[in-house]
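The chain contents come next:
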Amino acid sequence: MKDDQTLSFDDFDEAVNPRPETCDFDRVVDAALSRRGFLGGVLAMGSFATLGGSLIPTAARAVSDRFAFQAIPTSTADAVTVPAGYKAEVMVRWGDPMWSDAPEFDHATRGSAASQERAFGDNTDGQDIFQHEGHTLLVVNNEYTNRDILWGNNPDAKPASDDDIAKGMMAHGVSVIEISNDGGAWAMVKDSPFNRRITPQTEMSLTGPAAGHDLMKTQADPTGTTSKGTWNNCGNGMTPWGTYLACEENFNGYFSAEDEAHEVSSELQRYGISSRDWGYGWAKIDDRFDVAKNPNEPNRAGYIVEIDPTDPTSTPRKLTALGRFKHENAEAVVNNDGRIVVYMGDDERGEFMYRFVSAGVYAPGADTNALLEDGTLSVAKFHEDGTGEWLELTPDTTGMSSQAEICIHTRQAGSAVGATTMDRPEWITANPNKAEVYCALTNNKNRGLKPNKGGDETPVGGPNPREANKYGQIVRWWPNGEDHAAAGFTWDLYVLAGNPTVHDDANAGSENLTKDNMFNSPDGIKFDSNGLLWIQTDGKYSNEGDFAGQGNNQMLAGDPVTGEIRRFLVGPNECEVTGLSWSPDRRTMFVGIQHPGEDGNSHWPEGGNAVPRSAIIAVTREDGGLVG
Ligand code: FEO
Ligand code: CA
Ligand code: CA
């Protein structure tokens, strides 16, 4: 919450964090050196003082406290921990039936393909809330499955039948559920007419420049305009017109070939497609996933999918105009001029960060379909001096034959224009109070050591300042002229994660990273309506060595003005905390707990000998106050 509601956010920002007229370089260096001395990194990144504030505005920290909670310590308990005065309750779990004619989750069998198709999917990830005609709808990505959990009832944790494979397939996709809190606790509304499972078999349309291109045509779809299903949906986005954006990330791992000697094309190799089955086994039950038989099928995945949660009969739309890569999330903003700008990361070591700007402008109530079908796709280039630019991806700039080809081979297009190779761009979120955007760069063990899959070098520097980056960082930028469609921007680093109890060099992290709030591998990030930055982690939970004292994965809140970061929540054993949304009255925060017990050491949430289950929790204040 803001300390002083009478000031605009920008005025508040300026009051607590005055921008120097000239670059006070000594102050920046002193601040960085005061405890850590990762001087090389700071110098290499240029002057933070010219970029909207020094890396750590120490003087401002005492001025502001916008947090409505006391920080909590790390934890290694097989439980969700939240601050005093808050409570966390499980709302919906993997395998919970969405209709009353479907069976309850069976811990002995972990369900069947038929039961899973009628139940909440596995591994909750991106999520958002939609309010529609008095109904509260929660749309959730079900990113993937863990073999040891899904098939843990089989002796070798492998599928024992085609139905086991199909059960895994049906656990993927998207779940649309109505939720209510009539009885005082939030719960799924079984049999709601809005409940819907979207799976890898759901009919979709292909839109944008790549629709109908020869590379999109298959035996099952000679027109290249329709596609079946979506899978490995990681982060998400939400449009101003009330649709949900599900982002296909590691779509490659589901393809294989009966003939393992089959050599896939170099274009497919750039995306990690291979003939070897990773373990899902989908090609064994559906030829679409056999790349020897259907070499174009992988070209029809790796997109952002637009879903209308208010119409369960609607056909989801794959948006090729927004490019094909391992999409993390899609942060859509309405620019000052009415155009829609979508920021997107490609989560793989040394891949790129992208921006789409619609050709048309958004008008509430008008047809919105064309907005995400026609526009300009660009890729980010960061400079050492704290500036950056968006490089347009067109046939002229890339040398590629058509926009369709750019939208299919987007990584190759980024390489062609010399985009900056990043430390695994995860979620991107825009500050609701100003033209400012943040991206979590989760980690990159290859930084400075190995090129990306396309052969692009990964030099140490700029927003990726540490070799073999173990801990990750959050970069932020300000579009020139507060125009999200501008060609240029300025940037700095909001936080370098690290471990100051183990390291005294750059791996200790930036100054706003302390022994009390330390974490590794920022992944999900999202601003609340108040302008606090929520940070979720998907990192190492060994609690040893480089990660000593960091406990389980967690969620923290960061003040974008002061740089202060506080730990708010710690998840159960071996989980990832990912996905975040708020009830319309902002009194409940919904948080995703993904893959508890991925290494076999959790029985959350039911305890005892129960199978661990990914779930969404509802976090509220005991006094009923606002949580975002
Ligand atoms: Fe599914 Fe990049 O996290
Ligand atoms: Ca993620
Ligand atoms: Ca991650």
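Bear in mind the structure is a predicted one, so any value in this text is a computation, not a measurement.

Calculation criteria
- Residues numbered from 1 in each chain as written.
- Chains lettered and ligands numbered in written order.
- Predicted model: local features only at pLDDT ≥ 70, side-chain atom pairs only at ≥ 80, totals over all residues.
- Heavy atoms only, no water.
- Helix = DSSP H or I, 4+ residues; strand = E, 2+ residues; numbered from the N terminus.
- Areas by Shrake-Rupley, 256 points an atom, 1.4 Å probe, with all protein chains shown as cover.
- Buried < 20%, exposed > 50% of the residue type's maximum accessible area, 1.4 Å probe, protein only.
- Pairing = 2+ DSSP bridges.
- Donors = N, O, S within 2.8 Å, 3.2 Å for Na, K, Ca; no water.
- Axes fitted to C-alpha atoms, helices over the stretch in contact; angles between N-to-C directions.
- Core = buried A, V, L, I, M, F, W, Y, C linked by side-chain atoms within 4.5 Å.
- Contact = heavy atoms within 4.5 Å.
- Polar contact = N/O pair within 3.5 Å; in protein donor to acceptor, adjacent residues only side chain to side chain.
- Phe/Tyr/Trp six-rings, centres within 6.5 Å; stacked < 30°, edge-to-face > 60°.
- pLDDT = per-residue confidence, 0-100.
- Salt bridge = Lys/Arg side-chain N within 4 Å of Asp/Glu carboxyl O.

A. Just the overall build of the protein, in detail. A count of helical and extended segments in the protein gives 12 helices and 28 strands. For the protein, the computed accessible surface area is about 21,400 Å², with 47% contributed by carbon and sulfur atoms.

B. Representation of the pairing of strand β28 (residues 615-621) within the structure. Most of β28 is tucked away, with seven of its seven residues classed as buried. Of the two faces of β28, the one holding Ala615, Ile617, Val619 and Arg621 and the one holding Ile616, Ala618 and Thr620 are both buried throughout. Where strand β27 (residues 588-594) lies against β28, six bridges are found, and the strand directions are antiparallel. Bridge pairing in β28 links Ile593 to Ala615.

C. Spatial organisation of the coordination of the calcium ion (ligand 3). Listed as protein donors to the calcium ion (ligand 3) are Glu426 (OE), Asp523 (OD) and Asp538 (OD); their distances from the metal cover 2.4 Å. Here the calcium ion (ligand 3) and the calcium ion (ligand 2) are spaced 3.9 Å apart, linked through Glu426, which binds each one. Placement of Glu426 in strand β18 (residues 425-430) and of Asp538 in the loop between β23 (533-537) and β24 (554-558) is noted, with a sequence separation of 112 residues between them.

D. How the structure looks around the sheet that holds strand β20 (residues 473-479). Taking strand neighbours across the sheet as the criterion, the nine strands line up as β13-β14-β15-β16-β17-β21-β20-β19-β18 in an open arrangement whose pairing is antiparallel. Looking at which strands have only one partner, the edges of the open sheet turn out to be β13 (327-334) and β18. The sheet shows a mean angle of 30° between the axes of neighbouring strands, taken without regard to direction. As judged from the five bridges shared by strand β19 (residues 437-441) and β20, these two strands associate in the antiparallel manner.

E. Inspection of the nonpolar core at higher detail. Residues Leu322, Val342, Met344 and Leu372 are the most contacted members of the largest nonpolar core, which totals 47 residues. Listing elements by their share of this core, those giving two or more residues are α7 (162-170), β10 (244-248), α9 (282-285), β13, β14 (339-346), β15 (353-361), β16 (375-382) and α12 (410-417).

F. The coordination of the calcium ion (ligand 2), seen in detail. Every protein donor of the calcium ion (ligand 2) is listed here as Glu328 (OE), Glu426 (OE), Asp523 (OD) and Asp523 (OD), and their distances to the metal cover 2.3 to 3.0 Å. If you list the donors of the calcium ion (ligand 2) from N- to C-terminus, the spacing comes out as E-x97-E-x96-D.

G. Structural detail: the sheet that holds strand β9 (residues 233-238). Reading across from one edge, β8-β7-β12-β11-β10-β9 is the order of the six strands in this open sheet, with mixed pairing throughout. Two strands lie at the open edges of the sheet, namely β8 (226-228) and β9, each paired on one side alone. Averaged over all neighbouring strand pairs, the angle between strand axes comes to 35°, with direction disregarded.

H. Region of the structure containing the environment of Thr207. Secondary-structure assignment places Thr207 in strand β7 (residues 203-207). Between the C-alpha atom of Thr207 and that of Leu372, which follows or precedes it by 165 residues, the distance is 8.7 Å. Those residues within four positions of Thr207 in sequence are excluded, and the remaining contacts are Arg317, Lys318, Leu319, Thr320, Ala321 and Glu373. Within the local environment of Thr207, its side chain forms a polar contact with the backbone oxygen of Lys318, the two atoms lying 2.8 Å apart.

I. Broad picture of the packing of aromatic side chains. Summed over the entire model, instances satisfying the criterion amount to 32 aromatic pairs. Each ring, one from Tyr343 and one from Trp390, has its centre 5.9 Å from the other, and the planes form 45°; the classification is tilted. Placement of the pair is Tyr343 in strand β14 and Trp390 in strand β17 (residues 387-392), with a sequence separation of 47 residues. Like Tyr343, the residue Trp390 is buried in the burial classification. Consider the rings of Trp534 and Phe568, whose centres lie 5.2 Å apart with planes at 85°: the pair is edge-to-face. Of this pair, Trp534 sits in strand β23 while Phe568 sits in strand β25 (residues 565-570), and the two are 34 residues apart along the sequence. Here Trp534 matches Phe568 in class, with each residue buried. Cluster of aromatic residues (ring-pair linked, three or more members): Trp231, Tyr254, Phe255, Trp278, Tyr280, Trp282 and Phe289.

J. Seen up close, the confidence of the model for the protein. Of the residues in the protein, 90% reach a pLDDT of 70 or more, and the chain-wide mean stands at 91. Here residues 1-35 is modelled with pLDDT under 50, and outside its nearest four sequence neighbours on either side it reaches 65 contacts, counting other chains as well. Scored below 50 in pLDDT, residues 37-64 makes 74 contacts in the model with residues more than four places away or belonging to other chains.

K. Quick peek at α7. In terms of burial, α7 is largely enclosed, as seven of its nine residues are buried. Among the residues of α7, those classed as buried are Asp164, Ile165, Ala166, Lys167, Gly168, Met169 and Met170. Where the residues of α7 are buried, they touch α5 (113-117), α6 (147-150), β6 (196-198) and α9.

L. Seen up close, the pattern of salt bridges. With the rule as written, the count across this model stands at 37 salt bridges. Linking Glu373 and Arg317 is a salt bridge whose minimum nitrogen-to-oxygen distance equals 2.7 Å. With Glu373 in the loop between β15 and β16 and Arg317 in strand β12 (residues 317-319), this pair connects stretches of sequence that are 56 residues apart. The exposure class of Glu373 is partly exposed, given its relative accessible area of 27%. On the basis of relative accessible area, Arg317 is assigned to the buried category, the value being 11%. Here Arg411 and Glu351 are joined by a salt bridge, their closest N and O atoms 3.7 Å apart. Here Arg411 is found in helix α12, whereas its partner Glu351 is found in the loop between β14 and β15, with 60 residues between them in sequence. Linked through salt bridges whose partners overlap, the residues forming this network are Arg270, Lys326, Asp346, Glu348, Glu351, Arg411, Lys453 and Asp456.

M. Quick peek at the side chain of Thr421. Residue position: Thr421 is located in the loop between α12 and β18. Filtering out sequence-adjacent residues up to four positions away, Thr421 remains in contact with Gly350, Glu351, Phe352, Arg447, Asn452, Asp456, Glu457, Thr458, Pro459 and Asn464.

N. Unusual backbone geometry, seen in detail. With omega at 5°, the peptide bond leading from Trp604 into Pro605 counts as cis. Phi at Ala157 takes a positive value of approximately 55°, unusual for a residue other than glycine. Here Ala157 falls in the buried class, since its relative accessible area comes to 13%. Positive phi outside glycine occurs at Arg424, with the angle close to 60°. For Arg424, the position within the fold is in the loop between α12 and β18.

O. Spatial organisation of the side chain of Thr320. Counting through the fold element by element, Thr320 comes out in the loop between β12 and β13. With residues up to four places along the chain from it excluded, the contact list for Thr320 reads Thr207, Gly208, Pro209, Ala210, Ala211, Met216, Tyr303 and Cys407.

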